[in-house]
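If you want the building blocks of each chain, they are given just below.
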Amino acid sequence: DAKTTQPPSMDCAEGRAANLPCNHSTISGNEYVYWYRQIHSQGPQYIIHGLKNNETNEMASLIITEDRKSSTLILPHATLRDTAVYYCIAANYGGATNKLIFGTGTLLAVQP
Amino acid sequence: GAVVSQHPSWVICKSGTSVKIECRSLDFQATTMFWYRQFPKQSLMLMATSNEGSKATYEQGVEKDKFLINHASLTLSTLTVTSAHPEDSSFYICSARELGWGGNYGYTFGSGTRLTVV
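A short tour of the structure in this document, coming up. Model, not experiment: these values are computed from the prediction.

**Quick look at the sheet that holds strand β9 (residues 106–111) of chain A**
All names here are of chain A.
- Ordered by their spatial adjacency, 5 strands build an open sheet running β1-β9-β8-β3-β4, and the pairing between neighbours is mixed. Pairing within the sheet leaves two strands with one partner each, and these edge strands are β1 (9–13) and β4 (45–50). Averaged over all pairs of adjacent strands, the angle between strand axes in this sheet comes to 25 degrees, irrespective of strand direction.
- The pairing of strand β8 (residues 84–92) with β9 spans 3 bridges and is antiparallel. Note on β9: the bridge partner recorded for A84 is L108.

So, in structure tokens, the structure goes:
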């Protein structure tokens, strides 16, 4: 699985958009980009995933560059409850050995 | 959506005893489940992959005789920490994999178990 690189921490003002970057320059063609977040002392929560097209759901948007070497998770209107560690993971799809390996993630602190 | 129930949410045990943690997929069948461990201020570390009806696959450095995994049904995997010691105190999290639409996998996580060994 490709290694991902994220900034260790970011701040965002409440109500503003939070843009969380992720670098995955060694991603292979059959690896998806998954985003999860973990609020303190809870299990990770799925946010969104994508292969090469931009994706949007009720929680967030995922922008993947054309060369797929990086992506950005966008929380359009951050709230205090969005304070969490956000993990970007590149992982294969469809294979029996597929699994999620977590990196260090980005601690997003939403400020009032 | 998919729900994974993990029990207990926290447990305190004496050094030398064993502790069992259960992970259940409530509304889907999971042929594969995963067990992670997380120490304070660190990321999740994958311990093992649990496959229904077969032996678990452990990551390098994880003692399989200490962390016993059983995946006896399509909805239940258990992790038993045997002869627990204070250094085993950690946050243990399970995840169940489901084959979703489009042919790619979805991973749902349990809420975690806080183990404290005294």
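What follows continues from the structure just given.
**Quick notes on the state of the cysteines**
- Per the stated rule, a full pass over the model turns up 2 disulfides over all chains.
- Sulfur-sulfur distance for the disulfide between C22 of chain A and C88 of chain A comes to 2.1 Å. Residues C22 of chain A and C88 of chain A are joined by a disulfide whose S-S torsion is about -80 degrees; by sign, that bridge is left-handed. Note that C22 of chain A is positioned in strand β2 (residues 18–23) and C88 of chain A in strand β8, a separation of 66 residues in sequence. Side by side, C22 of chain A and C88 of chain A carry an identical accessibility label, which is buried.
- Two residues, C23 of chain B and C94 of chain B, share a disulfide whose sulfurs are 2.0 Å apart. Between C23 of chain B and C94 of chain B, the S-S torsion sits near 80 degrees, and that sign places the bridge as right-handed. One end of the pair, C23 of chain B, is in strand β3 (residues 19–25); the other, C94 of chain B, is in strand β9 (residues 90–99), with 71 residues separating them in the sequence.
- Look at C23 of chain B and you get buried, because its relative accessible area is 0%.
- Here C13 of chain B is not cross-linked by a disulfide; its sulfur's nearest cysteine counterpart is in C94 of chain B, at 18 Å.

**Quick word on the packing of aromatic side chains**
- Scanning the model with the defined rule gives 11 aromatic pairs over all chains in all.
- Seen in terms of ring centroids, Y36 of chain A and Y46 of chain A are 5.7 Å apart; in terms of plane orientation they differ by 75 degrees. Their pairing is edge-to-face. Here Y36 of chain A is found in strand β3 (residues 31–38), whereas its partner Y46 of chain A is found in strand β4, with 10 residues between them in sequence.
- Owing to a relative accessible area of 34%, Y46 of chain A belongs among the partly exposed residues under this scheme.
- An angle of 45 degrees between the planes, with centres 5.7 Å apart, marks the rings of Y36 of chain B and F109 of chain B as tilted. Linking Y36 of chain B in strand β4 (residues 32–38) with F109 of chain B in strand β10 (residues 105–109), this pair joins segments that are 73 residues apart in sequence.

**A word on the sheet that holds strand β6 (residues 61–64) of chain A**
Residues and elements named next belong to chain A.
- In spatial order, the strands read β2-β7-β6-β5; together these 4 strands make up an open sheet with antiparallel pairing. Strand pairing shows two members of the sheet lacking a second neighbour, β2 and β5 (55–56), which therefore form its edges.
- Where β5 lies against β6, 2 bridges are found, and the strand directions are antiparallel. When the bridges of β6 are listed, T56 appears paired with S61.

Scoring rules and cut-offs
Residues numbered from 1 in each chain as written. Chains lettered and ligands numbered in written order. Predicted model: local features only at pLDDT ≥ 70, side-chain atom pairs only at ≥ 80, totals over all residues. Heavy atoms only, no water. Pairing = 2+ DSSP bridges. Helix = DSSP H or I, 4+ residues; strand = E, 2+ residues; numbered from the N terminus. Axes fitted to C-alpha atoms, helices over the stretch in contact; angles between N-to-C directions. Disulfide = S-S within 2.5 Å. Buried < 20%, exposed > 50% of the residue type's maximum accessible area, 1.4 Å probe, protein only. Phe/Tyr/Trp six-rings, centres within 6.5 Å; stacked < 30°, edge-to-face > 60°.

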